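Close look at the chain arrangement
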Amino acid sequence: MYVVRPNTDKAPYNYPYLPPYNGGRYPPAEPSPDGHWDHIPPDSPAFLGVHVFGCVARVLDVWEGYLGNRINWHFASTYDRLEIIPLIEWDNAQSGYGMLEFGYKPTPDGRRDLYALNFDVIAHEIGHSILFSEIGLPRPGLPPGPDLFAYHEGVSDLCSLIAMLHFDTAMDRLLRRGSGNLMALNELNRVAELADERQIRIAGNARKLTEVGNEVHDRSRPFTGGIFDTLVETYHDLCVQRGLVDLPRGSIPDARDIDSDLSHTFASAFRADYDLKHFHLKSALADARDIVAMGLAASWHKLDSETLTYADAAFAVCDALQEQGQGEAAETAAECLAWREIITPYDTFSLGRTQSRSAQWF
């Protein structure tokens, strides 16, 4: 990767106009004698590029760890490095062929919220690049799979969420706000008061596939929510197995559809002696995070960008979890994704081939 800071107005890249940037630019940030950039203060103009570079590197570290291999850019045949432009005059951010670039959101009081300072935005955009590299692109002239773009949006949010959960401060804040109860994050009316992180607000939703439209961000929410539910329920199961909480039998779908009091029972169980068990709960959350993330990462090589459907993606995650010896998490994922109407007991999708998969999971 390398960072470019244009010193003149630059329009967003748009095919056929692609990297490299050949206009005027500011000098690059220089490392300290020990090879780091932590001497650059946040109010320095060079800090934006340093921040983006560090965030992208961290997200790549996380997902290369789960994949077990280096991520090779999907544009490697054209460019040997990713170009990062931390600031242009644009109310958006994008990941594209050989580049990441970021603008800003104007605020009512005349300030600018710089997307290059927002870890969630950065992680989401590099999430697209990771998926392009792992799943691939449809061949020229061929249409994408029917759910490819919605899947991209939802899983890029999950890439950001999982990466955020690798920061101790973020995990501490998340657990303390709900006294260890992540079920609360699935209640839309309480999300805003419990979490500032955009990833949690998006992932903690209760949308089913029949309740969303065809716009890709809206259609992404059921899959994102289903995987987030799987993470939360896997965390619950680990907490029970380790004797941290005493929870009644029941799942997140049960709490929504069958027993409206179940979520309140969960909350009471986690609140009991929370301060004494915070770090044990944090360990359980880290393990649940890794179980779900490894299943998600391993599912990518099972998918085809030209035929991808949500059912394909759902069964790929279940298969990957089962192959990794996480049968309980696989059953949880199937249940949560079925509640979202992404799969049913009667689904016959298997990577574009008609083959019943219902017996394995239901």
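This one's a predicted model, so the numbers in the text were calculated from it and none came from an experiment. (Residues numbered from 1 in each chain as written. Predicted model: local features only at pLDDT ≥ 70, side-chain atom pairs only at ≥ 80, totals over all residues. Heavy atoms only, no water.)

**Digging into the overall build of the protein**
Just so we agree on the cut-off: Every helix listed is a DSSP run of H or I at least four residues long, and every strand listed is a run of E at least two residues long, numbered separately from the N terminus. Relative accessibility decides the category of a residue: with a 1.4 Å probe and only protein chains considered, values under 20% of the type maximum give buried, values over 50% give exposed, and everything between is partly exposed. Surface exposure here means Shrake-Rupley accessible area, sampled with a 1.4 Å probe, where a residue is shielded only by the protein chains that are shown.
When helices and strands are tallied, the protein shows 13 helices and 8 strands. A buried classification covers 55% of the 362 residues belonging to the protein. Summed over all atoms, the accessible surface of the protein reaches about 16,700 Å², with 51% contributed by carbon and sulfur.

**Side note on the nonpolar core**
The nonpolar side chains of a soluble globular protein tend to be buried with one another. Put simply, the rule reads: Buried residues of nine kinds, namely Ala, Val, Leu, Ile, Met, Phe, Trp, Tyr and Cys, make up a nonpolar core once their side-chain atoms join them within 4.5 Å.
Within the largest apolar cluster, 96 residues are counted, with the highest numbers of intra-cluster contacts made by Trp63, Phe102, Tyr151, Phe223, Tyr235 and Trp300. Residue contributions to this core peak at 11 residues, all from helix 10 (residues 274-299). Core analysis: the next-biggest nonpolar cluster, separate from the first, contains 7 residues, Tyr2, Tyr13, Ile85 and Met99 among them.

**Some words on the pairing of strand 3 (residues 93-96)**
The condition that has to hold: Strand pairing is assigned whenever DSSP detects at least two bridges linking the two strands.
Side chains Ala93 and Ser95 of strand 3 all project onto a buried face; the interleaved residues Gln94 and Gly96 project onto the opposite face, where all are buried too. Pairing analysis gives 4 bridges linking strand 3 to strand 4 (residues 99-102), with the strands arranged antiparallel. Following the sheet pairing, Ser95 is matched in strand 4 by Leu100. Adjacent in sequence and paired antiparallel, strand 3 and strand 4 are bridged by 2 residues, among which Gly98 carries a positive phi angle near 85°.

**Quick notes on the packing of aromatic side chains**
Quick note on the threshold: Put simply, two rings from Phe, Tyr or Trp (the six-membered ring, in Trp's case) pair if the centres are within 6.5 Å, and we call them stacked under 30 degrees between planes, edge-to-face over 60, tilted for the rest. Any Lys NZ or Arg CZ found within 6 Å of a ring centre and within 35 degrees of that ring's normal is scored as a charge over the ring.
Here the structure, examined in full by the defined rule, presents 10 aromatic pairs. Ring geometry for Trp63 versus Trp300: centroids 5.4 Å apart, planes at 35°, classification tilted. Here Trp300 lies in the loop between helix 10 and helix 11 (310-323) and Trp63 lies in helix 1 (residues 47-67), a separation of 237 residues in the sequence. Looking at Trp300, the relative accessible area reads 0%, which means it is buried. Among the aromatic side chains, those forming a connected cluster through ring pairs are Trp73, Phe75, Tyr79 and Tyr97. The ring centre of Tyr13 lies 3.6 Å from the NZ or CZ of Lys10, which sits over that ring.

**As for the state of the cysteines**
Here is the rule we go by: Pairs of cysteine sulfur atoms within 2.5 Å are what we label disulfides.
A full pass over the atoms with the stated rule returns 0 disulfides. No disulfide involves Cys318; its nearest neighbouring cysteine sulfur is the one of Cys336, lying 9.7 Å away.

**Some remarks on the packing of helix 9 (residues 262-271) against helix 10**
Note the threshold: Fitted lines through C-alpha atoms serve as axes, helices being fitted only where they are in contact, and the angles separating the N-to-C directions of these axes extend from 0 to 180 degrees. Here the word oblique covers every angle except those under 35 degrees (roughly parallel), over 145 (roughly antiparallel) and from 65 to 115 (roughly perpendicular). We call two residues in contact when some of their heavy atoms are within 4.5 Å. Here the term charged refers only to Asp, Glu, Lys and Arg, the term nonpolar to Ala, Val, Leu, Ile, Met, Phe, Trp, Tyr, Cys and Pro, and the term polar to all other amino acids, Gly among them.
Running from N to C, helix 9 and helix 10 cross one another at 100°; their axes reach a closest spacing of 9 Å. If you check the angle between helix 9 and helix 10, you find them roughly perpendicular. Contact residues: helix 9 offers Ala269, Phe270 and Arg271, while helix 10 offers Tyr274, Lys277 and Leu281. Partitioning the contact of helix 9 with helix 10 into residue classes produces 4 nonpolar, no polar and 2 charged.

**A short note on the confidence of the model for the protein**
Rule in force here: pLDDT is defined as a per-residue confidence score from the predictor, taking values between 0 and 100.
Residues with a pLDDT of 70 or more make up 89% of the protein, whose mean pLDDT is 88. Here strand 7 (residues 349-350) is the element of the protein with the lowest mean pLDDT, 39, and strand 2 (residues 83-85) is the one with the highest, 98. The low-confidence segment residues 187-194 (pLDDT under 50) makes 11 contacts with residues lying over four places distant or belonging to another chain.

**Observations regarding the side chain of Lys302**
In plain terms, the rule: Polar contact criterion, stated in full: a pair of N or O atoms within 3.5 Å, where within protein one must be able to donate a hydrogen and the other to accept it, and residues adjacent in sequence count only if both atoms are side-chain atoms.
Counting through the fold element by element, Lys302 comes out in the loop between helix 10 and helix 11. On the basis of relative accessible area, Lys302 is assigned to the buried category, the value being 18%. Of the polar contacts made by the side chain of Lys302, one reaches the side chain of Glu323; its length is 2.9 Å.

**Focus: the pairing of strand 4**
Both faces of strand 4 are covered, namely the face carrying Met99 and Glu101 and the face carrying Leu100 and Phe102. Bridge count between strand 2 and strand 4: 3 bridges; the pairing is parallel. Bridged to Ile84 within strand 4 is Leu100.

**As for the pattern of salt bridges**
Here the idea is simple: oppositely charged side chains can pair when their charged atoms come close. Quick reminder of the rule: Whenever Lys or Arg places a side-chain nitrogen within 4 Å of a carboxyl oxygen from Asp or Glu, that contact is recorded as a salt bridge.
Counting across every chain of the model gives 14 salt bridges. Notably, a salt bridge pairs Arg111 with Asp113, separated by 3.9 Å at the nearest N-O pair. A network of salt bridges, in which partner residues are shared, links Asp109, Arg111 and Asp113.

**Focus on helix 4 (residues 168-177)**
Here helix 4 has its buried residues at Ala170, Met171, Asp172, Leu174 and Leu175. Positive phi appears at Ser179, one or two residues downstream of helix 4, with a value of about 50°.

**Let's talk about the side chain of Gln94**
By the element assignment, Gln94 lies in strand 3. Since its relative accessible area comes to 18%, Gln94 is described here as buried. Polar contacts involving the side chain of Gln94 include one to the main-chain carbonyl oxygen of Tyr13, which spans 3.0 Å. In this structure the side chain of Gln94 is engaged in a polar contact, spanning 2.6 Å, whose partner is the side chain of Glu101. With sequence-adjacent residues up to four places away left out, Gln94 is seen in contact with Pro12, Tyr13, Met99, Leu100, Glu101 and Glu125.

**Let's talk about the packing of helix 3 (residues 148-164) against helix 10**
Our working definition: Should the near helix be turned counterclockwise from the far one by less than a right angle, the crossing is left-handed, whereas a clockwise turn marks it as right-handed.
One can describe the packing of helix 3 onto helix 10 by two numbers: an axis separation of 11 Å at closest approach and a directional angle of 145°. Crossing geometry of helix 3 relative to helix 10 is assigned as left-handed. The residues of helix 10 that touch helix 3, namely those facing Tyr151, Val155, Leu158 and Ile162, are Arg289, Ala293, Leu296 and Ser299. For the contact of helix 3 with helix 10, the per-class residue count stands at 6 nonpolar, 1 polar and 1 charged.

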